[in-house]
Amino acid sequence: MNVLILGSGGRESALAWKLSQSKLMKRLFIAQGNAGTSEFGTNISISETDFPALRQFVVKNDIEMLVPGSEAPLAEGIVDFFRADPQLNHLKIIGPPLEGALLESSKDFAKRFMAKYKIPTASYATFGRDEIEEGYLFLESLHPPFVLKADGLAAGKGVVICHDLDSANKELRQMLIERKFGAASDRVVIEEFLHGIELSVFVLTDGKNYIVLPEAKDYKRIGDNDQGPNTGGMGAVSPVPFADSDFMSIVDKTIIKPTISGLQLDNIPYCGFIFFGIMNCDGVPYVIEYNVRMGDPEAEVVLPRIKSDLLQLFELAATSKLNQAFLEIEPETAVAIVMASGGYPGLFEKGKIITINKEICSEAFVFFAGAAFDANNQLITSGGRVVIATSLGASLADANNKAYRQLSGIGFENANYRKDIGHDLMKWQQKAQS
Ligand code: AMP
Ligand code: GLY
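Residues numbered from 1 in each chain as written. Chains lettered and ligands numbered in written order. Predicted model: local features only at pLDDT ≥ 70, side-chain atom pairs only at ≥ 80, totals over all residues. Heavy atoms only, no water.

(A) Quick look at the site of ligand 2. Taken together, Asp218, Gly232, Phe275, Arg293, Gly295, Asp296, Pro297 and Glu298 form the complete shell of residues around ligand 2. Take Asp218: an N or O atom from its side chain is 2.9 Å from a nitrogen atom of ligand 2. Here an oxygen atom of ligand 2 and a side-chain polar atom of Arg293 are 2.9 Å apart. Within the complex, 88% of the 200 Å² of free accessible area of ligand 2 lies under protein. A class-by-class count of the residues in the shell around ligand 2 yields two nonpolar, two polar and four charged. (Near = heavy atom within 4 Å. Polar contact = N/O pair within 3.5 Å; in protein donor to acceptor, adjacent residues only side chain to side chain. Areas by Shrake-Rupley, 256 points an atom, 1.4 Å probe, with all protein chains shown as cover. Nonpolar A, V, L, I, M, F, W, Y, C, P; charged D, E, K, R; others polar.)

(B) Fine view of the site of ligand 1. Surrounding ligand 1, one finds 15 residues, the nearest of these being Glu191, Glu192, Leu194, Glu198 and Glu289. In the environment of ligand 1, a nitrogen atom lies 3.0 Å from a nitrogen or oxygen atom belonging to the backbone of Glu192. Between an oxygen atom of ligand 1 and a side-chain N or O atom of Lys220, the distance comes to 3.1 Å. Protein chains shield 88% of the accessible area of ligand 1, which is 470 Å² for the free molecule. Looking at the shell around ligand 1, the elements with two or more residues in it are strand E7 (146-150), strand E8 (159-162) and strand E17 (284-291). Considering only residue class, the shell around ligand 1 consists of eight nonpolar, no polar and seven charged. (Helix = DSSP H or I, 4+ residues; strand = E, 2+ residues; numbered from the N terminus.)

(C) Spotlight on the nonpolar core. Ranked by size, the top nonpolar core spans 73 residues in total, and within it Leu4, Leu66, Ile78, Phe276 and Tyr290 carry the most contacts. Among the elements that take part in this core, helix H9 (residues 245-265) stands out by supplying seven residues, more than any other. When sequence neighbours within four positions are dropped, the list of residues in contact with Ile78 reads Leu6, Glu48, Phe51, Leu54, Leu66, Pro68, Pro73 and Ile93. (Core = buried A, V, L, I, M, F, W, Y, C linked by side-chain atoms within 4.5 Å. Buried < 20%, exposed > 50% of the residue type's maximum accessible area, 1.4 Å probe, protein only. Contact = heavy atoms within 4.5 Å.)

(D) Molecular detail of the sheet that holds E7. Read across the sheet, four strands follow the order E6-E9-E7-E8 without closing on themselves; strand pairing throughout is antiparallel. Strand pairing shows two members of the sheet lacking a second neighbour, strand E6 (124-128) and E8, which therefore form its edges. The mean inter-strand angle of the sheet, taken between neighbouring strand axes irrespective of direction, is 25°. Here five bridges tie E6 to strand E9 (residues 187-191), and the two strands are oriented antiparallel to one another. Looking across to E9, one finds that Tyr124 is bridged to Glu191. Across the face of the sheet, helix H6 (residues 107-116) comes into contact with E6, E7, E8 and E9 while running at roughly 45° to E9. Lying over the sheet, helix H8 (residues 165-176) contacts E6, E7, E8 and E9, oriented at roughly 5° with respect to E7. (Pairing = 2+ DSSP bridges. Axes fitted to C-alpha atoms, helices over the stretch in contact; angles between N-to-C directions.)

Here it is as structure tokens:
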């Protein structure tokens, strides 16, 4: 099969690595890809949201399957674009149509969907630009901290947590009236703060059947001990020790099943990933958010733990046959550590030479993100998150040690990474065992 992956981050490197191993794979292309994806396929310089150019490429190269990595092309309607094309309406696409993508691109849509299907989530209310007074009153009725969410996509920055009423009122004004996030904050979801520990749960679905992929924990803040600003994610661990089979069966019964059946009842044909951002509140799971794609860097720990042929699973999903799927999972623990450019998520310099000691990294899965080749074919930094090293180990401690050891074989000027990936989970394990 000829496959085109859309995107250029670490997640797309992991997808390219995994899909390239499939016995069904013929030719693999990545738009636009990065220095890492070129090892597994051919990079092409078309934007992931330039649908007419992608269409032309699909026709010319006989592409049979499209795998969007991020939410951007899905939220812009890539599935609907190809479905409306008489020549290409059978193209297999691993992602939902526009209406399904609303689960991620509109927080208000997601909350209404959860309320309709009684899926556990924080209580909430949504306010438009002319409802700010009602918004202030609603904030007064809640206990701090206050959670304010821009309804639309805001490059991962649209959720603000305020610790007192004054700053929450100010934030609401900034979002609604001063349009802090542009049109994305024309409506704001205000919700109850949930206390607990987070994890990410992933399913691949054909709209009716689904398989639950390995779960993961992501480390979003730039600094150790969850300090500093939010990033795209600075590391990930899979499996998550507290997500035992009892907990996961509650997730399945109260969250996954009603989500899939809700999509069916709403006539939303959904083929692709659903990423459930979940808060474990004393053993009770609540949905914090839906995403309609894999996580990044979660994909870099989840995919190395999938032993089955991923392209075969995609093929089954795209042909509504996921009930025939058999998912084989690697029992070892995967730890991924992101090495970022100094300054990220703020301003940072690009063009730093990346050195890799292949001996030290020999057992790591090295996934590139913001990395490119310069005119002399030298590997250089080209983005905030540059490289992700994933290691597998018999235990979390083992995988963690290995991941840091192997990361020491990678370097560039001003490189920055978190030193505590997985430490909270190791502490949780020690406490649970004592
Ligand atoms: P989101 O973009 O929806 O994933 O939100 C970003 C982060 O804000 C989440 O990963 C949580 O850490 C936090 N968050 C979002 N909603 C809540 C909530 N209701 N209670 C506590 N924390 C939340
Ligand atoms: N790592 C979080 C995300 O992909 O949204």
